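Architecture and fold: a report
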Amino acid sequence: MNIKILKPKPKDVPAMQKLIAKEVANAVILPRSDDEVSTNIRSYTIALDDDEIIAYGALHFHTMFLAEIRSLIVAEKSRGFGVGSLLVTEILKEAKFYDIKQVFTLTYRKSFFQRLGFHEIAKTELPAQKIWADCAKCKRFPVCDEIALIYDI
């Protein structure tokens, strides 16, 4: 693997949507329209292997000091090679650049994030706007079985 981590361009949206389609269909990741991804393209970071997008995630700001890693996906064929860890590490560096103090995530992959230094918190500790802006769109809402974890920078 020849992995490069960089920021995507709006022309990358179709490939990003294709990569995430299965997880969206399975209600593992929230759906986002092409327009929503394009509008927020600067929040995303992608991993390329020989010019193919194999992973991505977004850093979404909630307050001056709190952000979220969301829409994290690694192509099935690329899992187990450290691509996700590399991507999260890069996103955390970006959060630090912006003076963010804490980064949270909602996930089904608790142990993955714990290996990277995240610790579990109660979902009630998350900002209310997260629940009403994002979670209300989820097929599983209001019975959420995702786990909330947070990273202190």
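Now for a quick tour of the structure.

Quick notes on the pattern of salt bridges
Oppositely charged side chains can form a pair if their charged atoms are brought close together. For the structure shown, the criterion picks out nine salt bridges. For the salt bridge of lysine 22 with glutamate 76, the shortest nitrogen-to-oxygen distance reads 2.7 Å. A residue pair is termed long-range when its members are at least 10 positions apart, and lysine 22 in helix H1 (residues 13–25) and glutamate 76 in the loop between strand S4 (66–74) and helix H3 (83–97) qualify at 54 residues. The residue lysine 93 makes a salt bridge to glutamate 90 at a minimum N-O spacing of 3.8 Å. Of this pair, lysine 93 and glutamate 90 both sit in helix H3, three residues apart, which is roughly one turn of that helix. Relative accessible area serves as the criterion here: at 32%, glutamate 90 is assigned to the partly exposed category.

Re empty space enclosed by the protein
Over the atoms a probe the size of a water molecule is rolled, and this reveals where empty space is left. Counting across every chain of the model gives one cavity of 30 Å³ or more. Computed from the structure, the largest cavity encloses a volume of approximately 40 Å³. Along its surface, the largest cavity is lined by Gln17, Ile20, Ile29, Leu30, Pro31, Arg32, Val37, Tyr44, Tyr56 and Ser71. Looking at side-chain class alone, the lining of the largest cavity contains seven nonpolar, two polar and one charged residues.

Details of the nonpolar core
Membership of the largest hydrophobic core comes to 35 residues, with the highest contact counts inside it found for Met16, Ile53, Tyr56, Ile69, Val88, Val103 and Phe118. Of all the secondary structure elements, the ones that give two or more residues to this core are H1, strand S2 (44–49), strand S3 (52–61), S4, H3 and helix H4 (110–115). Ignoring any residue separated from it by four or fewer positions in sequence, one finds phenylalanine 118 in contact with Ile69, Val88, Leu92, Val103, Thr105, Phe113, Leu149, Ile150 and Tyr151. Residues Leu66, Leu106, Leu126 and Ala148 belong to the second largest nonpolar core, which totals seven residues.

Details of H3
Its 15 residues give H3 an end-to-end C-alpha distance of 21 Å, which sits within 8% of 21 Å, the value for a rise of 1.5 Å per residue. Val83, Gly84, Leu87, Val88, Ile91, Leu92, Glu94 and Ala95 are the residues of H3 that are buried. For H3, the buried positions fall inside an angular range of 165° around the axis, keeping them on one side. Exposed side of H3, more than 90 degrees from the buried face: Lys93, Lys96 and Phe97 are the residues found there. Residue aspartate 99 follows H3 closely and has a positive phi angle near 65°.

About the criteria used
Residues numbered from 1 in each chain as written. Predicted model: local features only at pLDDT ≥ 70, side-chain atom pairs only at ≥ 80, totals over all residues. Heavy atoms only, no water. Salt bridge = Lys/Arg side-chain N within 4 Å of Asp/Glu carboxyl O. Helix = DSSP H or I, 4+ residues; strand = E, 2+ residues; numbered from the N terminus. Buried < 20%, exposed > 50% of the residue type's maximum accessible area, 1.4 Å probe, protein only. 1 Å grid on protein atoms, 1.4 Å probe; cavity = no way out; pocket = protein on both sides within 12 Å on 5 of 7 lines; lining within 4 Å. Points joined across faces, edges and corners; volume = space filled by probe spheres on them. Nonpolar A, V, L, I, M, F, W, Y, C, P; charged D, E, K, R; others polar. Core = buried A, V, L, I, M, F, W, Y, C linked by side-chain atoms within 4.5 Å. Contact = heavy atoms within 4.5 Å. Expected span 1.5 Å × (residues − 1). Arc of directions from axis to C-beta.

By themselves, these are just geometric observations and shouldn't be taken as functional.
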